[in-house]
Amino acid sequence: MRAVLLERFGLDGLREIRDAPEASAPAPGEVRVRLSAASLNYHDLATVLGMANPKMALPQVPLSDGAGVVEAVGEGVTSLREGQRVTTSFFPAWQAGAPGLAKLRQVTGETVPGAMQEYLVAPAAAFVPTPAHLSDIEAATLPCAALTAWRAVVEEGQVRAGSRVLIQGTGGVSLFALQFAHMLGAETVVISSSDEKLALAEALGADHLINYTAQPRWGRAVREACGGEGVDMVVEVGGAGTLPESLSAVTIGGHISMIGVLTGVASMVPTAKIMAMNVTVRGITVGHREQFEAMNRAITLQALRPVIGQVFGFSELGKALATMQAATHTGKLCIDFDR
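None of these values were measured; they are calculated from a predicted model.

What counts as what
Residues numbered from 1 in each chain as written. Predicted model: local features only at pLDDT ≥ 70, side-chain atom pairs only at ≥ 80, totals over all residues. Heavy atoms only, no water. Helix = DSSP H or I, 4+ residues; strand = E, 2+ residues; numbered from the N terminus. Rg over C-alpha atoms; globule rule 2.2 N^0.38 Å. Contact = heavy atoms within 4.5 Å. Areas by Shrake-Rupley, 256 points an atom, 1.4 Å probe, with all protein chains shown as cover. Lys, Arg positive; Asp, Glu negative; His and termini not counted. Charge placed at Lys NZ, Arg CZ, Asp CG, Glu CD. 1 Å grid on protein atoms, 1.4 Å probe; cavity = no way out; pocket = protein on both sides within 12 Å on 5 of 7 lines; lining within 4 Å. Points joined across faces, edges and corners; volume = space filled by probe spheres on them. Axes fitted to C-alpha atoms, helices over the stretch in contact; angles between N-to-C directions. Parallel < 35°, antiparallel > 145°, perpendicular 65-115°, else oblique. Nonpolar A, V, L, I, M, F, W, Y, C, P; charged D, E, K, R; others polar. Left-handed = near helix turned anticlockwise from the far one by under 90°. Pairing = 2+ DSSP bridges. Expected span 1.5 Å × (residues − 1). Buried < 20%, exposed > 50% of the residue type's maximum accessible area, 1.4 Å probe, protein only. Phe/Tyr/Trp six-rings, centres within 6.5 Å; stacked < 30°, edge-to-face > 60°. Lys NZ or Arg CZ within 6 Å of the ring centre and 35° of its normal. Polar contact = N/O pair within 3.5 Å; in protein donor to acceptor, adjacent residues only side chain to side chain.

Colleague: Mind showing me how you'd approach the overall build of the protein chain here?
Modeller: Of regular secondary structure, the protein chain possesses 11 helices and 15 strands. Over its C-alpha trace the protein chain gives a radius of gyration of 20 Å, about what one expects of a compact globule, namely 20 Å for 339 residues. The C-alpha extent of the protein chain, read off along each of the three principal axes, is 60 × 40 × 35 Å. The long-range fraction of contacts in the protein chain, counting pairs at least 24 apart against all pairs at least 6 apart in sequence, stands at 69%. Of the roughly 14,100 Å² that the protein chain leaves accessible, carbon and sulfur atoms contribute 53%. With 26 positive and 32 negative side-chain charges, the protein chain shows a spacing of 4 Å between the two charge centroids.

Colleague: Sorry, what's going on with the layout of surface pockets here?
Modeller: Over the atoms, a rolling probe the size of a water molecule traces out where space has been left empty. The volume enclosed by the second largest pocket comes to roughly 210 Å³. Every residue lining the second largest pocket is counted, 15 residues in all, and those nearest its centre are Val112, Pro113, Leu120, Val121 and Ala122.

Colleague: Would you explain the packing of helix α4 (residues 142-156) against helix α10 (residues 289-302) in this entry?
Modeller: When two helices pack together, their arrangement is given by the angle between the helix axes and the distance between those axes. Between α4 and α10, the least distance of the axes is 10 Å, while the angle of their chain directions is 90°. Compared by their axis directions, α4 and α10 come out roughly perpendicular. Together, Leu142, Pro143, Ala146, Leu147, Trp150, Arg151 and Glu155 of α4 and Gln291, Phe292, Ala294, Met295, Asn296, Ala298 and Ile299 of α10 make up the contact between the two elements. Each residue belonging to the contact of α4 with α10 can be placed in one class, and the counts come to 10 nonpolar, two polar and two charged.

Colleague: Can you walk me through the packing of α4 against helix α5 (residues 172-183) in this structure?
Modeller: Running from amino to carboxyl end, α4 crosses α5 at an angle of 45°, the nearest separation of the two axes being 8 Å. Classified by the interaxial angle, the pair formed by α4 and α5 is oblique. Note that α4 runs across α5; the crossing there is right-handed. Counting all contacts with α4, which are made through Leu142, Ala145, Ala146, Thr148, Ala149, Trp150 and Val153, the residues of α5 involved are Gly172, Val173, Phe176, Ala177, Phe180, Ala181 and Met183. In terms of residue class, the contact of α4 with α5 is built from 12 nonpolar, two polar and no charged.

Colleague: Would you take a moment to explain the pairing of strand β4 (residues 65-73) for this structure?
Modeller: In the case of a regular strand, side chains alternate between the two sheet surfaces. Relative to β4, strand β3 (residues 30-39) runs antiparallel, the two being bridged by eight bridges. Each residue of the ladder has a partner; that of Leu35, found in β4, is Gly68. Across three bridges, β4 lies against strand β5 (residues 85-88) in antiparallel orientation. In the strand pairing of β5, Gly68 is matched with Val86.

Colleague: Where do I start with α5 in this structure?
Modeller: A turn of α-helix holds 3.6 residues, and therefore any two residues three or four places apart point the same way. If you check α5, its first and last C-alpha atoms are 17 Å apart, about what 12 residues at 1.5 Å a residue would give, namely 16 Å. The buried count for α5 comes to nine of 12 residues, which makes it a mostly enclosed element. Within α5, the full set of buried residues consists of Val173, Ser174, Leu175, Phe176, Ala177, Leu178, Gln179, Phe180 and Ala181. Among the structural elements, α4, β8 (164-168), β9 (187-192), α6 (195-203), β11 (231-236) and α10 are those in contact with the buried residues of α5. Looking one or two residues past α5, Gly185 carries a phi angle of roughly 85°, positive in sign.

Colleague: Sorry, what's going on with the packing of aromatic side chains here?
Modeller: Under the counting rule described, the total for this entry stands at five aromatic pairs. Between Phe176 and Phe180, the aromatic rings sit 6.1 Å apart at their centres with planes inclined by 25°, giving stacked as the arrangement. Placement of the pair is Phe176 and Phe180 together in helix α5, with a separation of four residues, close to one helical turn. Accessibility classification places Phe176 together with Phe180 in one group, the buried group. The structure contains a cluster of three or more aromatic residues connected by ring pairs, namely Phe90, Phe91 and Trp94. Residue placement shows Arg2 over the ring face of Phe314; its charged tip is 4.3 Å from the ring centre.

Colleague: How should the side chain of Asn211 be read in this particular structure?
Modeller: Here Asn211 lies in strand β10 (residues 208-211). In terms of polar contacts, Asn211 uses its side chain to reach the backbone carbonyl oxygen of Ser193, at 3.4 Å.

Encoded structure:
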């Protein structure tokens, strides 16, 4: 079978293998899945570059997010069947409940083999059924970006009809967050440095658009767009460099879901403002299987479709990661194993 191995950190450390050993038969409790698509997340780039886990054991098959079909079922497996379409899980051991060390220790594509291989044998609990209306390429975008957005907006942010939500940027998580917030009937504000990307956000239902290059004090602009009251919830992907403006944008008693650190990993934290505003700041690292299944039910009911940017061939993982590193793309970057 074909597979891609990360043999050393860096984009030049990736090696495609066309004669990898054939996948073994699934043991009791396991299934064998033939993967046909994968998608990229910033975490995948950070993993390949050695930023996510510098002590990660190599070689490793990269990428957390993949989709395909169950080809064989091990003894005792009742949750999945042969021929069923499934996606991988980012945290295969986190089935439900609060996060914990044992639940988060296994990370697909980092501490356990990832999706850049044609066959993956793993416990049945590591896979989630695919919404029937989605292609495998579309489904491959769900395990990390979509579930992170779902947990941030729905599970932790408790967004409902009439809520006001600020979404930073138009990356994979942000676009899913916009789609989910719009689906729930929330009033949405999207900020970006690109008018072209803001136009995409408007097409997806964004109510207010702010170019933060033109309005560097965008926190105030967000508050003004929401009648001077601010937003109930912020999808915070910037981190250190954007948190102060997010605190200017959020209402008293509001919620900030901390998802990314694209503008830095550390800075002076405005603790007095957090306290005075009675704001909850909650770190978000993807989500668990039960949340994934709930999200898929909503996606199915609403016939929601992910925003796909570029699709690369199996041999183009390095090119896809370089595209992500350049940060000029819009929509999810995906790998089609048949190309």
